[in-house]
Every structure is written in structure tokens, then in C-alpha cells.
Protein chains: 4
Amino acid sequence: MTKLKMGVIGGGIDSFIGSVHRMAAAMDGHIELVCGALSSTPERSRKSGEQLGLPPERIYGDYRKMIEKESQLPEEERMDIVSITTPNYMHYQPARMALDYGFHVICDKPMTMTLEEALDLENHVGSTGLEFALTHNYTGYPMVKQAKHMVRTGELGKIRKIAVEYLQGWLNTKVEDMGNKQANWRADPKRSGKVLAMGDIGTHAENLAEYITGLKIKSLCADLTSHVEGRILDDDGSMLIRYEGGATGTLLASQIATGEENNLKINIYGDKGGLEWEQVSPNTLIVKWANKPTEILRTATQFAGFGKASQLASRLPAGHPEGFIEAFANIYKNFALTILSRKEGKDPDPEWLDFPNVHDGVRGMAFLETVIESSQSNQKWIWMKS
Amino acid sequence: MTKLKMGVIGGGIDSFIGSVHRMAAAMDGHIELVCGALSSTPERSRKSGEQLGLPPERIYGDYRKMIEKESQLPEEERMDIVSITTPNYMHYQPARMALDYGFHVICDKPMTMTLEEALDLENHVGSTGLEFALTHNYTGYPMVKQAKHMVRTGELGKIRKIAVEYLQGWLNTKVEDMGNKQANWRADPKRSGKVLAMGDIGTHAENLAEYITGLKIKSLCADLTSHVEGRILDDDGSMLIRYEGGATGTLLASQIATGEENNLKINIYGDKGGLEWEQVSPNTLIVKWANKPTEILRTATQFAGFGKASQLASRLPAGHPEGFIEAFANIYKNFALTILSRKEGKDPDPEWLDFPNVHDGVRGMAFLETVIESSQSNQKWIWMKS
Amino acid sequence: MTKLKMGVIGGGIDSFIGSVHRMAAAMDGHIELVCGALSSTPERSRKSGEQLGLPPERIYGDYRKMIEKESQLPEEERMDIVSITTPNYMHYQPARMALDYGFHVICDKPMTMTLEEALDLENHVGSTGLEFALTHNYTGYPMVKQAKHMVRTGELGKIRKIAVEYLQGWLNTKVEDMGNKQANWRADPKRSGKVLAMGDIGTHAENLAEYITGLKIKSLCADLTSHVEGRILDDDGSMLIRYEGGATGTLLASQIATGEENNLKINIYGDKGGLEWEQVSPNTLIVKWANKPTEILRTATQFAGFGKASQLASRLPAGHPEGFIEAFANIYKNFALTILSRKEGKDPDPEWLDFPNVHDGVRGMAFLETVIESSQSNQKWIWMKS
Amino acid sequence: MTKLKMGVIGGGIDSFIGSVHRMAAAMDGHIELVCGALSSTPERSRKSGEQLGLPPERIYGDYRKMIEKESQLPEEERMDIVSITTPNYMHYQPARMALDYGFHVICDKPMTMTLEEALDLENHVGSTGLEFALTHNYTGYPMVKQAKHMVRTGELGKIRKIAVEYLQGWLNTKVEDMGNKQANWRADPKRSGKVLAMGDIGTHAENLAEYITGLKIKSLCADLTSHVEGRILDDDGSMLIRYEGGATGTLLASQIATGEENNLKINIYGDKGGLEWEQVSPNTLIVKWANKPTEILRTATQFAGFGKASQLASRLPAGHPEGFIEAFANIYKNFALTILSRKEGKDPDPEWLDFPNVHDGVRGMAFLETVIESSQSNQKWIWMKS
């Protein structure tokens, strides 16, 4: 079995998301880590690379060097894919350059700092024919895929109502000034962009709702707030949403919801049934019906009505909890299988294409710019940009 | 022990809420049922009264007769209080007349059909000095009272965010045309008023949020929808809310949330802690903290930090579930104890005054009129009427 | 509508279970309280009776007087039923005397102090033709009745395994010596009998298992322990059970399970399905299947497969929690409806006969004597007495 | 960073537990797979090895060859550890041989077919000084470690009661005859040993109880059953347990609990507090107290009172579910870190020694032989072998 070779940008010592990406990439045996530009300073990059057991000559001082040098290595040796796990402001340029040098890209979200950058990346992905994955990892959970399946097959009927919320409490005080690195860059407009909570977690909520239901946000009415004194960007936001086709909904994203850990939750109601999924209990999907008892669907059960995508996304028998890293790994797995099959000149299995891509990234940036406009406007409804 | 004598308006055979009122009134032994005008036709009223074991001479053909005749009975014999459990359009006039004849009133919600009527009732209650209770029964639950206690004592810190929702699924199809009596009058503007879901359950959500937090809605931005074809009034609604003092929030009320039974839920976040309460598990209050583990508070436990109101609202040791009727009975109990102590010329215990009253009714109608205006407006924020 | 007249033995001021019986009896309007011998001293009895609003002449100084005097009143005036809510040692004689004087009896559990007394009562109930109810109240919950229904109709297949447990923590320290009245008599062999926890709560567990499954315990192997120093009787016990027909099981009853409130829980597994019910969430019955998703059955839903008994046992629409008092009231309601219909010379509806009776009481005492023998024996299996 | 080189015995295509071991070993970057004898036939072994990307010369036809050949490779090249994931009857000999050739061993459970074999392995581990890990993986969960910590520090007080159960439903019918490979060998005494359910899952329950509480089983009274017709070994078992120091308990292990997935659950009660943990919600530990509200402890929170072991066992921030593979990986991680530090001539951090070892394996086999004797005996209590 051939493995894809991966280079990483970001993810040095003490990075949270960098180690998640590495564990996710390693899980299924399709990808091996071969090189990295792991930190913003060459020294830290070197230390981080050594800790990961990378050969010294493939630990690079910055991403530009990595992309250039790797592109000069023989094809069977050089990296195939670039994984970008830096703060938001360092997504666009590395991604753009990697694409320009012919590397496939997997990038953290939100994809860029502006919609304009996002559209530019979309163009480049289209013109190069390379693969681009965006780690909206929550869509990697088996029961999220099952939810999508049940909407698509019409089991829930016409979708009428969507309530999604993503609540955290860790920015409850001004931790960005108290040495919390994760908070520090997220709260800084130069590194984070025009929004804090809405970009960091609100885009996950938006992506989840559109992924499961297949419905597009048509217009929205948002209220962003900074509850913590002195904070520049939003730490809490809510919005009313109208979807194409008539569904209505709400979306909440907050990082000042004291005591909440990482509470992403969605409720969807069709005219035949409703469903509920919570990220903290990711292997359970609750399905509610008008005329029969509520059902508890569970990861890895193979009863009638279970979709193929949810089954492919599971590695263990039912009752053996699959968690955050496993869901994250599902994005990497589908991305890798798609590239591997293209390398062999084959069309990938359509199920493998089930990973968030550059279009999701554009959608996320359009969502953020619409939310910002709405929050500053006295007009009730703002049309979703595109 | 003296008992209060109660006459009922509405609550005939097959009435849901009428039997709830009767069981609630009977539970604590402070109230006895003595007369009634139980239905819109004298014949049905008679049958219903017989079934309840009322003496034939005190089963009245309509509420006017009941109030007149009872007022002519000797004081020790005639009813003390009137309980009104009719559809919305039959609240105001019976309540007004009962007050005019000197009877205390306990009335179902929403209190009236218009804000104007509500203000008129408020004036009359004020000028007569009579007691008026409104059965926003969910505030009768011990753990709701404990939630209020924890906000008031400052345990949760400054309140920043309030998310309340009340979801049901029973109006998922056009059951008002299929012989469902409860749906039939609620969906009819002449009997229900200008709103359906928002009046039937949205006002409970509004009342719950203001009761627990003590914060008043300052302005709101609402979106009401009729998802079921041919339905005149709203069966689903959502809104953004700004509270006095800077808290932000959302309120959802839906009766087309397929598969939901009676899902009233509130999450409140202060800068020190958060809390979560769900009506389907009413004896549990979940309290989330920034710096220590989440706690599960339970009805009837008497640990440090438990308020007196929640303890008075409980009749059983912890672990013996107290339900909907018990919470409803707490409204009746406090209303009765207040009147009984006034009868004896004493000031009631301040805790007994803890029942929803005519001011809550005015607040509810102001809320509904604000929501209606907002839903029809292109302006984002509408100030709460008062 | 005629009401049954009830006299009570026990249940004075500060009694827990006495007030439960009164609220339960009052709930459905079939029973009115007319007299009582409420306490072990005439003075306390008088005070308690006054507080309940009983006429002075029908507040009796002891149960013997009550039964005698009431039997001399005209038939339309005297009590119909006697409710016994005293400590265990005061069940048998009052019950026996009430039967001798022609009164129906409803009695708290365990029914007697010995199996011999229980068999004597059974004989007397049989020979008098009077009704006798035993308040194994947990069988009054709608979802317990639904569980029984599902076993009886064969939906779960052949029953193989039954795990029942009843865990409380309130006897975790020697509270019987610290002024806790409820603990004081329960821990005293003279007033409680030969067992503490196994009698107080273990019999509920035994009754629940046999009620739902219809299977009889064939033999058992028990281990009773007193974990709290100085306590004479058991505060914790576990046993292995073999049921008739081949099912196996366990039963746990503990009052030293620190932090547990009133945790009665049962899991039953057949060859087609399994079910799970917990008293703290009494309106939910979880049903597990081999070949389809787990279902959540809920009180008051009327889907296909719901039994009549569970529907009759519910007073409210789904989602309006019905609690401990409501379940207790279901025992009273069926007991009352049975007597009322016999009074009218009619056979009661078979569903009304669904209340625990004197045979359950005999079964409970046989269970206790078997458990005691087993706990003292070195032999593994002891046959259930009968 | 040096990595340990791992060879695997078993775990070929379609093996469930083999792939779990590989993902677990890969997760933290301390171990790389270098060789394997993956199946009982050389042909299947070759195919499986190729699929895993192993070099052809290090795919061996059987475990004997692998151990011999690898031992002849230069030290810097040959495997360091052997991972054994074969059915039970193929644990002892490979483990013994690997130890004899100087390799560290990590082995699936139950460790051997007999207590005698287990004692022999224990001797060899002792005399060679090699490391031996047994994958009682459930002790790898962070909240299990936290539970152990709370018992050890005395927070729960003296332990009085332990109820542990492990329930599955997948052997509900005779699937061993219907092509289910996992069931087929487990139900066969030649490959599984003297027990089925009690060995497959009962030993996990026993290990979990002793791991958390630090208490040893003193004596037990067991009832094993085969509920499915024609099955030779137990598919269901229950026992009463007495622990050293006076705690009492029960242990249930069943594979005919229809509808249960993988329900391992433990409740422990001390005289100050109790705790509850369920494998299906592994990141939650519920702690119950006598005098304050129940607390919900969660993986990766770092509040006062959290132990170091639980923190080391977590890779993600709170609210990012860590699952079965992560817990499994914690066994591998500690095993690897211990060996790596010994390789460097250092004493391992005491926390790294926190993995189940050969003594746990002996304990498990002693438990099984005691259970078998008890189940066949008419004597109530059988002393735990050792």
C-alpha cells in the first residue's frame, strides 16, 4: 500500500490543533509525515521537528522554503500534500503557494481572512485540478453523516426548522491577556480576522447545518456582542436565518457561555421527523417521529436505513466510542483516498469525495461577511453573499 | 383549617387544562371546589358539574349567572375565588366581572386578547386590592425557583446570555381541521388572539426567562412563520433579544418541531456560572462553573446554597419525582395561602407572594404585541412595549 | 358521582408517607377523607386531625376506637375504606380488625412482620370478600405498566435476564440515633421487623420484577450486610436469583449507597428485546432491540403497541411529567374504582383490578423470610418459600 | 525522538482487535510497526502484511519464525516489542517465546488459558526483567484513572459497595454457527478456554473494579448460565463478591443482554461519596456526595482534585471526546515510555508504570478459575485463588 507524504505548516510544540492533525493523519495508515515548517521561528521549528522525529534536512525554517525545496526533490521522495494548521492569517498565502507548486492542500478553518481571498483560492483549486480539504471536522462524525443521509432520503420530510448552536465558555474572562496562546491570536484582528467566536466556531455551526440539510442560507439577521470588557471582537453572537426552500432557523455561537466545554448541537425538524445531535455524545443521533417512539441511532450499527457514509466513517463495533480524533481522521482519510486513487488514474469512490472542500471555505467566508454586515445594520434581513 | 371555596369557569368534560387546575387546587387541601360554569352550553355545564359531584344548584349555565348568584349567597357559603380555564377570548370579561363582584381570580394564560385589556385588568386588580394569579405554571417548579435564587444571590455573576426555547410537535399537520379541539380554538384568531404558538407557549418562555433572571426584555427582533399550509397564525417563531443591563438572548417557540412533546428549556450564562433547566426533567437543575465541576442540583435536597422558595415548593424527599401537577399546585398553594392570611388580617409570608400575577399578564401581552410588530417590520430592533 | 369515605390510621403531623397517601387519595376525586386515628397518642392525633380539617368527633385516639365507632355510624355516613400508613409493626392488627369489621383496607408495605401474619391476612381477605390494596406504588407508573404489557404480549421474547436494584444513601451514617424519625423506627427490629433495607425497599424491587415479568422467583442466594457500625439490621444486600422458566437475575437493595436519592432501576432482557426503566425518570421506558434502533417510549404517547393500562394510568399529555404522587394515586384510583363498581353491583373493569393486593403482600413476606434464611446459610441456593 | 519497533502476532485482515492495536500503537508516535506474523496461514499473513505496507522480508509465516528471525537482526533494526492479538489459546506460547528471546510483550486478555500458564508467564517476566503489558484497555480512560485517584486519596471515604457490570447483546442468538468469526472462536472451548462471556468481558469488569478501588476480591459466589440453546460455554453470569476490608459487591457479565452494545459500568460507594462511570460515555465521571450536589467530572478539565494520571491520559481540551482507541493508546503509550526510559538507563516516571501487567493477567486467570469452581459448587462462598 502506497502512503501519501505529508508536509506540515504550523503545529509546533504546544500547538493544540497541530497535534490533532498529526494523530488524525496517522490513524488510518494512508499518510506519513515527511517534513515540516512547524513554527514561526526557525529555531522553534527545528525543535518541534526533532521532537516529531523528522530528519533535520526536512525541517524547514519557513513555509516558503519548504514548498520550494520539496518541489525540487524527486517525485517519489517529495511531499504530496501540505497540511496547514497555522492561525487564520497564515492560511491563504501558504495554501496559494502550495497549489502553485502542485501540492494538494488540507487547511484549517476559517479558510482565509476575507471572502476575496477565498474566491481566489477557489479559482486556483479549480484551475490546478488539485485536491483541497478544509477541516470542518465535525462533519467527519459517523452520526453527522447518518443525519445527512436521513435528510437526503426524505425520511424526515420537508425540512422546516434548523436550530444550531456552538457554545464554549473558555473566553469567559480576558484570558487573551493572561498568557493563553490559543486565545491570544484568536482575539487579535490581525491574526484572526474580522470576527472571533463567529469565525472560530460559528463557521463550524454554519457548515454543519448546510452539510446535513443540503439547504443554503438565503438571508440572516445577526447580533454580535463582546461581553468581556476590552475585547475587540465578538465573543458571542446569535442570528435568525431563512434558508432556501422556506426553512427557518437560528444559529448561536458563544465563547462566554460559562461552564460549556465544546457544545456543538443541532436540531432539525422536517414535516415527518426531527433529529438531534450533540458533539459531546457524538456516537448518538436521536431521531424523533410524529407517529412512533423516538429512536436512538448509534455509530456502527448496521440496521436498515443506515447510510453507507456513516458506516465507512466508523472503525469499531457499536459501543466502542469513537471520538474527536477519529472524526478528524475521517476528513484525512477521504482526502487521502481521493488523491491516491487519482494518482492511480482512477476515479475515486464517490463516498471518498465526502470531505469539506474549497467551496465550503468560500461559503464560510461569505457567511462571515454577511454576518458582519448584518450585525452592523439596522436592516432586518441581509442576503447571504456569494 | 379553613379552606377557600372555588368556582370554576370552563374546565368541562374533555378539557385538558380544566382537570389540571382541579387536581392542582385539590392537592394541598387549601381549596375546595364548590361551584362552576363549566362549559359554553348549560347542558354540557350541567353534565360536567354532575360528574364532579357539584350540587345541582351550584352548577351554572354561564359565568355571569355564577358570579351574580354566588355573590348573593351568605359570605361563609359563597365562593372565594374564581378559576378561569376557558380559551383565551374568554379570559378578560369573566376576570373583569369576577373582580367587580369582589372575587379573587386565578386565570389561565395568555391573560387577555390585547394589551389594552391586560392594562385594564391590572388597573382593576390594583383598585380592588383583590388577588390575581396567572397560571404560568412552569415557575412553580422547585428547581426553577432555585435557579431564580442563584441568579438573585449573585452566584452566577452578571448575567450575559439567555437562551430559552419551547418546542412542541403536535401542530405539525393541520390537526385543527381534523377534530382536535385543543388545536381548533388555538388556531382560530377569534378565540386565540393574534398569535398561536407565541401566545400558547412563547409567553411561558418569556415569563420563565424574566422570572429566573429578573431581567426585563428591552428590545427584540422576531420572525414568526406558519409552516403548515393554510394555517392563519404562527406555528413557529424565533427572536433575538436584548435585555436591560446588557444581556443578550434568543427565544424560540414552535409547535411544528416534529417529535417534541413539551420541551421547554432554558440556559442562562453569567460571568461566574451557567445553568440549564429542562421541563421534561424538572427536578434537575444543572449548574456549570468556570473553575469547578458541573453540579446537578435536585429538588428537595437541602444542601448549603438552596433557597427557601425551592424547598417550600417541594412535597417529597429527594428522588421522588414531582411533576407538572405539583408545580401547578404550587401556584394554587401560594395564591391560596396569600388570600387565607389576608382573610385573617395578616400579611402573607413573602414567599407566598411568589406566584405569577396580573403584572406578569400585562408583561406577556406587551411581549406578544411587540413580537407581532417586529415580525411585520423591516426594522431590526423593536422596543418592548409597556 | 359518589365518593368513597376514607379513614386513616397513622399519617400524623410530620409523617412523610401519610401525606403522600392523602394527596394520592385526593387526586382523582373518588375518595374523601372523613376520619382518622392519626398518631400513637390521642393528643397528637387530635392536633393532626384538626390540621387536616377533620370534624373533632371523627378524630380518634386510637385505631381500635375508630374502627368500632365508625362501624356504628349509619352506612351512608361511615367510612368505607381504611388506609394504614403506620410503621410495619402496626400493619397487621389494624388491617385484621378493619377487615373483621367489614372495611376495605389499603395498607403500606411490607404488609406484616411475618409470613404467618401475611398468610392470615390473605385468608381473611379471601373469606370476607373485601378489597385489600398494598401500596407497592412503583407499579402505578404508566411506563411500568407498559413494560409489563410488552413482556406479556411477547414483544421481548422469552425473558432471560432480570437485573433490579434499589439504591438509597440516606442511612449512610447512623442517623437513627441522630433524631431522624424515619430512620429510627426502620432500624429498630421491634417496629421494622427482621430486616431494614430489604424490607423497606428490597420488597419494592422484588415486587417490581415479578409484576413486570410475571415470573416468580424460584430460588435465591443472598448476602445481607450492616455496613454502618452498631446497626443491628441490614443496610445493604445483594442476591442472585433464579426465576421459574429459566430466567436468571440479580437484586440489589442498599441504603448506604452514598449520594443516591431513590434509585430504583430495572433492566430486563428477552431473546428479542430488552428494556430499562428508572424511577427517577419515570416517564421514560427505554426499549432495546437486536435488529433495530433503541426506542424511547414515553408516558401518554398513544402509538401502536402501547397498552391500555399505561394509558389509563396517565392524566396529562406527553411531555407533562407525572411523578411519584400520580403513580401512588393510580393505586388509590384502581382500588376505589373497583370498590365503587362492586358497590353498584357491577364487575369492575379488569384494568381496575391492576393494583397490588394481599397476595403481593404474602409474596413480599415470603421473599423476606427466604432472603433472611439464605443470608444466614452456607448453602448456595434457597428455595423461595410460599 | 527514538521510536520503539513493534512486531505483531495476529491482527490480519478482518481482525477487529488487531486494527485497534495498530491504531492505538500509532497514535502517539512512540511506536512503529516493522514486522508481523499476522495470520494462521502464511498466505493470509502475507496479504495482510502487504496491505499494511510491511516490507516482504518482514512478513512472517508464523510467530516462531518471526521471533527467531527478528532476534538475529542487528539490534538497531530488530523489533523491540511483540504485540499479541490472537485468540486466547494463542497467547501463552507466543508470549513465552518472545520473553525467552528477550522481547517485551504486550498481549490481549485474558492472558492465558489456565492459571498455571499465567503463573508461569509471571515467573518469566520476573526473571527476565522485561516489560509485559496486558490490554485491559478500559483502565486507559482518563476518568477511570480519576476514579482510582479519588479512591486512593480518600475522598470517597472507606469503600463499602462495588457494583460492576459488563453487558453486551451480540451473542443473543447462536451467531457462532452463522459465520460470525469473532463469536466462532470465543464460543469454542479449545480456542477460548473454560469460559466465554466471563473471560471475554467478565475479566475486564473484575480488573476495572480492582484497579479503581485497589481492593482485592476475597471470596465470591457465582452463577454462570448458557441461555442460548446448544451453546457450550457461559453467555451470562452474575456473582456476589466480598472484598478484602469488608466491601461487598456484585459483578455481572452477559453477552445475551439483547440490545446492549458494550455497556461496561461501575458504581462504587464509600462512606463519604459514590461514583459512577459508564464506558459508553467515557469522558464523564459522576461523583455523588452525602452533603453536596452530585458533580460531573470530565476528561481534560484541570480543576482542583484532579489527578495527574487522568491528565496525562488525555490529549485534547475538555469537550473534545476521547474514545476507545485513545484509551487503548494510553496502555501502549505508558508501556512504550517505560521501555524507552529503561533503554536510556533511566527509571521511568512512576505514572508511566500505570498500565495493566502480568500480575493483572494472573489475577484475571485466578478470578476465572474461582468463578468456574463457584458456579459448579453448592457451597455459597469460594475463596479467591491466588
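Residues numbered from 1 in each chain as written. Chains lettered and ligands numbered in written order. Predicted model: local features only at pLDDT ≥ 70, side-chain atom pairs only at ≥ 80, totals over all residues.

Trainee: I keep staring at the overall build of chain A and nothing clicks. Help me out?
Mentor: Regarding its fold elements, chain A presents 12 helices and 14 strands. Its C-alpha radius of gyration of 21 Å places chain A within 12% of the 21 Å reference for a compact globule of 386 residues. Taken along its principal axes, the extent of the C-alpha atoms in chain A is 65 × 50 × 40 Å. The burial tally for chain A puts 62% of its 386 residues in the buried class. (Helix = DSSP H or I, 4+ residues; strand = E, 2+ residues; numbered from the N terminus. Rg over C-alpha atoms; globule rule 2.2 N^0.38 Å. Buried ≥ 20, exposed ≤ 12 C-beta atoms within 10 Å, placed from the backbone.)

Trainee: Which parts of the structure should I look at to understand the relation of the copies chain A and chain C?
Mentor: Note on the identical chains: chain A maps onto chain C by a rotation of 180 degrees and an axial translation of 0.0 Å, with an RMSD of 0.0 Å. Here the two chains are linked by the operation of a two-fold rotation axis. No C-alpha of chain A approaches the rotation axis more nearly than that of A:Glu295, which lies at 2.3 Å. A high fraction, 100%, of the interface residues of chain A reappear at the interface in chain C, so the copies pair face to face through one surface. (Least-squares fit on C-alpha atoms with pLDDT ≥ 70 in both. Contact = placed C-beta atoms within 7 Å.)

Trainee: How should the domain arrangement of chain A be read in this particular structure?
Mentor: Note: interface size is frequently given as the accessible area lost on complex formation between the parts. Residue and element names in this part refer to chain A. Annotation of chain A at the domain level lists domain 1 (4-138 + 330-354) and domain 2 (141-316 + 364-376). Placing a centre on the C-alpha atoms of domain 1 and another on those of domain 2 gives a separation of 26 Å. Counting residues at the interface gives 18 residues for domain 1, matched by 25 residues for domain 2. In terms of residue class, the side of domain 1 that touches domain 2 is made up of nine nonpolar, five polar and four charged. (Domains from an automatic or database assignment. Nonpolar A, V, L, I, M, F, W, Y, C, P; charged D, E, K, R; others polar.)

Trainee: Is there a simple way to explain the interface of chain A and chain C in this structure?
Mentor: Of the residues lining the interface, eight residues belong to chain A; the matching set on chain C comes to eight residues. Of the residues contributing to the side of chain A that touches chain C, the split by class is four nonpolar, two polar and two charged. Sheet topology places strand S13 (residues 294-298) of chain A next to strand S13 (residues 294-298) of chain C; three bridges connect them, and they run antiparallel. From the neighbouring strand, A:Ile296 faces S13(C), where its bridge partner is C:Thr294. (Pairing = 2+ DSSP bridges.)

Trainee: Help me out: how do you make sense of the sheet that holds strand S5 (residues 132-134) of chain D in this one?
Mentor: The strands that make up a sheet pair up through hydrogen bonds in the backbone, lying either parallel or antiparallel. Residue and element names in this part refer to chain D. On the basis of which strands lie adjacent, the open sheet formed by five strands has the order S2-S1-S3-S4-S5 and parallel pairing. Edge positions in the open sheet fall to strand S2 (31-37) and S5, since each of these has one partner strand only. Each neighbouring strand pair of the sheet contributes to a mean axis angle of 20 degrees, computed without reference to strand direction. Of the strand pairs in this sheet, strand S1 (residues 4-9) and S2 are connected by six bridges, and their pairing is parallel. Residue pairing across strands places Lys5 opposite Glu32, the latter belonging to S2. (Axes fitted to C-alpha atoms, helices over the stretch in contact; angles between N-to-C directions.)

Trainee: Sorry if this is basic, but what is going on with the sheet that holds strand S3 (residues 81-84) of chain A here?
Mentor: Residues and elements named next belong to chain A. One open sheet holds the five strands; their spatial order is S2-S1-S3-S4-S5, and the pairing between them is parallel. Since the sheet does not close on itself, it has two edges, and those belong to strand S2 (31-37) and strand S5 (132-134), each with one partner. Within this sheet the neighbouring strands show an average axis-to-axis angle of 20 degrees, counted without direction. Relative to S2, helix H1 (residues 16-27) is tilted by about 150 degrees, and along the sheet it contacts strand S1 (4-9), S2 and S3.

Trainee: It is not clear to me how the interface of chain B and chain A should be interpreted in this structure. Could you clarify?
Mentor: Facing the 35 residues of chain B at the interface are 35 residues of chain A. Looking at the side of chain B that touches chain A, the elements with two or more residues in it are strand S6 (159-167), strand S7 (217-225), strand S8 (236-243), strand S9 (248-254), strand S10 (263-270), strand S11 (273-278) and strand S12 (284-289) of chain B. Sorting elements by how many residues they give to the side of chain B that touches chain A places S9(B) first, with four residues. For the side of chain B that touches chain A, a count of residues per class yields nine nonpolar, 17 polar and nine charged.

Trainee: Can you walk me through the relation of the copies chain B and chain A in this structure?
Mentor: Relating one copy of the chain to the other requires a rotation about an axis plus a shift along that axis. Once chain B has been moved 0.0 Å along the axis and rotated by 180 degrees, it coincides with chain A to within an RMSD of 0.0 Å. Take the interface residues of chain B: 100% of them recur as interface residues in chain A, which is what a same-surface contact looks like.

Trainee: I tried to follow the pairing of strand S7 (residues 217-225) of chain C on my own but got confused; where do I start?
Mentor: Regular strands have side chains that alternate between both faces of the sheet. Residue and element names in this part refer to chain C. With seven of nine residues buried, S7 lies mostly within the body of the structure. Of the pairings in the sheet, the one linking S7 to strand S8 (residues 236-243) comprises eight bridges and is antiparallel in character. Residue pairing across strands places Thr225 opposite Asp236, the latter belonging to S8.

Trainee: Sorry if this is basic, but what is going on with helix H4 (residues 92-100) of chain A here?
Mentor: Each α-helix winds once per 3.6 residues, and so residues spaced three or four apart point in a common direction. Residues and elements named next belong to chain A. Within H4 the residues assigned to the buried category are Tyr92, Pro94, Ala95, Ala98 and Leu99. Among the structural elements, S1, helix H3 (63-72), S3, strand S4 (104-107) and helix H5 (115-128) are those in contact with the buried residues of H4. Looking one or two places after H4, you find Gly102, whose phi comes out positive at around 90 degrees.

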